[in-house]
Structures are given as structure tokens and as C-alpha cells.
Amino acid sequence: MCRTSKSRTTPVAAILLIAALTAGCAEDRDPQPAAIKQTSAAGATRHREANLRRLREEVLSNERLPEIRRDGNASRPSESNDEAERSGRRQAASPSRGGNRPNRVGAGRLRSVPSRSWNILLIVADGLSRDWISCCGGTAAPTPNIDELAETGVTFHNVYAMPHNVASQVTLLTGSYPHRHGWIGDWNVAADGNACWFDWNLHRCLPRQQQMRRYMNCVAGQWMLNNLRAQPDALLQHGFRRWCVSAPGGPRSQTPRQSHRNPHVFMSSPISREDDGIPNRDVLQSSWGVSGTFTGQNGPDLFSRFLQAQRFGRSQVPFFMYYSMNLPGPQESHSESDDSTGGTERYSGLVRDADRLVGEAVEWLNDIGVRHRTIVVFTCSSGVCDGNVSAEPGPGAAAIPRSLSERSIRVPLIVSCPDVTPAGIETDCLVDFTDVCPTLCQIAALGRPVHGAFDGVSFWPEIVGEEQQRPRQWIMSLGTGPLEFDGQHVRAPHRFSERVLRDRRFKVHVNHRRQIDGLWDLQADPDEQRNLISSASEVYRVAVDKFQAVVDGMPAQDAELECSSLLETDRRRDATELRQVAAEVRGR
């Protein structure tokens, strides 16, 4: 009589044990004729292989999955890692690459190993301040759908965006600061000219990161980084496979509500076969999709319809949806002169519209049955610009510019997924927009550490409730006003743009001469009313010296945007191949 041990068996050992027992039983059978024996052997082999597959699935469902190396083979866990073995998690480590930029992304801990990748829905509102969101303390307008995300996920309170929408968008998609990628100020390619654009040969957009290439990458909303009339394949070059976007090119005096009416949209394919799913004016169809004007329709609602029209069928391919919501828009652009309704009331209505669209997106996830395994990330590209802040700058001190005040650059960030995030958690850890790209890459890698040329670090540990301290000691926001074109480059007014840095307590302002001329104690003075740069307190002096050391390590000159004619663009990809990809995308 054979006895089996009650000790815990690893998946590989269990499979080998069953295989040996099966082979042993086959050897004890009575001899049979050759033909019958050959047929029985083939059937026994198929039966044995089926049993082994079933056994492996059962064992792996209860055991920790082995780590999969790049060569596709499974590696056994380290015997010395007792703590990780007991908790059923792997602490993976990889040698870091060289360079001065931080590229190590911390490893988060999974409560369970997922059998397939998570879907990702990234919602980025435009010009929505924390003051207007209920879960962040706002009382001006109810935001029940955004509040529900906070109740089911993690809310980050110390998050910096860039001062301008375009700079925030490029920073979010690349994981690099503006002084590296060059989009330091406000430059709308369609409205300001084609001197430069978001070049896929120079910048690796998030969908082109190695971890995201197996995703079905989609984008909906506003896209101001390329002139899609002259570059109809730009989104495909950036790694998106489906899109429905508008490229605002109207006058800057146009209010957001005016720009929402009768949107001119670029789509990879029509939203539907109905009349309201196809443009009805200025229609242009090409190898890259269809574009045209939807007269009598509202842009934000149109993008929401596109999102809800996406069907991924029974495909096991996960999706990444970048929802660049063009609501509510900068509050200061809602003047009170164009109709009888006050600007604040109109802005409040747009905030409610943005909240409604967030609710529709989450409801769509529930309807298609993927909400439990879809990580929803909600944030805003910028806050509210409301004038210079410091009322008492003191002798020799400067008031902080309106575009770099806390109300302008400190934005909400909420991450929610029922199977991943703890519910109702709030954290004051430091995050800025360079951290979003490495975090989403780590999500796509099922929580494994990833490496890349990122300025930011992943906040995945905070998403899953990791208790260890993140390496983030400061965050930064930098930018200037509209950029200038000198005939060869698109550049900021100064070679070194002004910026602000902060930690959990102090915030400093750095001028274009690389000097700190402002210091604020945000714990005692959250409204930035008192500039402490002239104080002789040792605590303040230590804080200034710490930030100055960080500034001294930054490049002395910010990157500039290179300019060239769109007709002379080096695509680096064959046009025929791109047309085939576009045809395949439209056929899905």
C-alpha cells in the first residue's frame, strides 16, 4: 500500500509524481497483442496528458504561479526567500540600467495572482480643480460618480500636474518632465501652427511601451499634440489601434462650450452604422479612418458613445482606454458676457456633466462584465488659475505665479478596481504626472517591476495597500505660458523655465535663474499667503538647501521642440504596412 506525504507539494513536483505513478501503473498491465497494445498506448498517452493538464491547472490554482522569464520558461522560486514563499508572492529583482535618471519602479504586492491582465481605463478631465470634487472637500457642485470611485478605491491628495493641458498630456504619456521632452508651455499644434508636433520618432508614447504592446489601445476625447489633418496616421504611429478624437484648432477666444458644439472628429471607424454615428459634413475617408463634422451634436457625449460602443468580444486581449475628457475646461475661460447665466453657474454645470460621463463609463464596464478586473484611474490635467496667490511676499520675496499655485497644479487622483484596490483609502504620499506612465506599465506587467527611461516612479505599492515608504521625496511642476516660434525651434521665453517643488510640508519656487525665491510651509499656510524665503529659521534654511541641491542637479537648459515640415517627416515605417494595420483595425 502506497502512502502519500501530507507535506506541501510544488506544482512541478506534483506533475512529475503523477506522471511517474501513471507510468508505473502502465508497466504492471498484462501483455496484449501488438496492434491493440499500440492503440491502447496512444489512448493512454492522450488520457495521461489530459490528466496532467487538469492536474496542473488544479495545482496552479492553489499554488503560486512560477515567474515567467523573458525566454518564456518558468523559473522556480528562490528557496531563500522564505517570507515571499509563505505569502505566496514573488519579490522579483532586476539589475538597474545605467544613467542619471531614476528608472527603478517599486514592486507592489498582489493579494492574488491574476489569471489574465487587468484592463485599464484612464480618465483625464480638463481644468477640474479639487475644490469642485466632493470627495476632495468641494461643495460647489455634487460629484456622486467620482465620489463612488473614491469610496471603492484609493484617493491620492498630494498630486501635481503641469500648469498647462498640453504639457500635462505629454508628461503623462511619456513619464518624463517637460524640461526633457520640450513641451514646457502651451502649444496647440492645430491652433498654433505645424512647426512642431508630438514626434513618435523622438518620444515613446505609453501604448508603445513594451508592457502595453499586447493591449488593445484606444483613445477618445481631445488630442492637441498632432495635426491630424496633415498627419492622419499619427495616433496609429503612437500605438493606438482605435480612436475617436477632436483636434481643437479654433481661436483661443473660443469658450469650451462653444468648442463642444459641432465637433470635427477623427475616427478609426464610424461609431455606428446609424446616421448619428457618421459625420454629416466635411466627410473625408482615407486609409486611416474617417473624419468629419458632427453637426448638431455635443463633443463630450459623442466621445462617451464611442467608448460605450467598443466591443472586445471573447478575445482574451486586455484593453487600455485613454479617455481624454474635454470637460469641464479652464474655469477662467467661462466669462459672463456671452449669455445671461453666470460663469460660475455654467462651470458648475460642466462639472456635473463631467461627473455624469464618468458614471456612464463605469456603468459601461459593468454592462460588459469587466468592472471587477478593470483598473479605473481618474485625474485632471490641470486645476484652476486664479491670479497671484501670495498676499504677503515680504521684503525681497516674490509672489508665486498663478499657474504654479496649489489650486492650479494640485489635482485629484483616484484609482479604483474591486479586485485590486482597498476601498475608501486616502493617502498623502507624493505623486506627480511623471509617475502615471510607469505605474500603468507595472499594472500591465501584472504588478511585476518594470524598467524604463522614466523620470517618475510607480505608485503601484500604494494602490494595493503596500506599507513600505516610496522613494518619492519631492514632486515638481514646471511650465510657462505660450511657447514662441523663432523660425527653427519652438521654445519657452527663458532657457530655464520657472518651476515649483514640494515635499510633504514645504514648497519652493525656482525662477529662470535657477534660484529659489519662494518658500511656503503648506502645513501651516495651505493657501500660500506667506513667503518665508527671508526667514532666518534653521528649519527653513535646511529645507531651502535641500531643494537647491535638487535644482542644481537638473539640466541648465530645458529641451526645445525641433521643427521641420510635415512633408519632410521621416516616418521610419513603410506606408504600405501602416495601411494594412489600419485595415485590420477597421475590420475588427
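Residues numbered from 1 in each chain as written. Predicted model: local features only at pLDDT ≥ 70, side-chain atom pairs only at ≥ 80, totals over all residues. Heavy atoms only, no water.

Trainee: Outline the overall build of the chain, listing residues and values.
Mentor: The helix and strand inventory of the chain stands at 16 helices and 20 strands. Of all 588 residues assigned to the chain, the portion counted as buried reaches 51%. Restricting to contacts in the chain with at least 6 residues of sequence separation, those with at least 24 account for 72%. Total accessible area computed for the chain in this model is approximately 27,800 Å², and 47% of it derives from carbon and sulfur atoms. (Helix = DSSP H or I, 4+ residues; strand = E, 2+ residues; numbered from the N terminus. Buried < 20%, exposed > 50% of the residue type's maximum accessible area, 1.4 Å probe, protein only. Contact = heavy atoms within 4.5 Å. Areas by Shrake-Rupley, 256 points an atom, 1.4 Å probe, with all protein chains shown as cover.)

Trainee: Let's hear about the environment of Leu-149: which residues, and what values?
Mentor: By the element assignment, Leu-149 lies in helix α4 (residues 144–151). Residue class for Leu-149 comes out buried when judged on its relative accessible area of 3%. A C-alpha to C-alpha distance of 7.4 Å links Leu-149 and Val-415, two positions 266 residues apart in sequence. Those residues in contact with Leu-149 that lie beyond four places of it in its chain are Val-358, Val-362, Arg-371, Val-376, Phe-378, Ile-414 and Ser-416.

Trainee: Explain the nonpolar core to me, using residue names and the numbers behind them.
Mentor: In this structure, Phe-156, Trp-223, Phe-320, Tyr-322 and Phe-378 are the most contacted members of the largest nonpolar core, which totals 113 residues. Look past the residues within four positions of Tyr-322 in its chain and what remains in contact with it is Leu-122, Val-124, Gln-169, Leu-172, Leu-173, Cys-218, Val-219, Ala-220, Trp-223 and Phe-240. If you look at the next biggest cluster of nonpolar residues, it comprises 20 residues, including Leu-478, Phe-496, Leu-519 and Phe-547. (Core = buried A, V, L, I, M, F, W, Y, C linked by side-chain atoms within 4.5 Å.)

Trainee: I'd like a rundown of the sheet that holds strand β16 (residues 489–491), residues and numbers included.
Mentor: Taken together, three strands build an open sheet; the order of strands is β15-β16-β20 and the sheet is antiparallel. The two strands at the open ends of the sheet, each matched to only one other strand, are β15 (484–485) and β20 (561–562). Here β16 runs beside β20; their pairing, made up of two bridges, is antiparallel. In the sheet register, His-489 faces β20, and the bridge partner there is Glu-562. (Pairing = 2+ DSSP bridges.)

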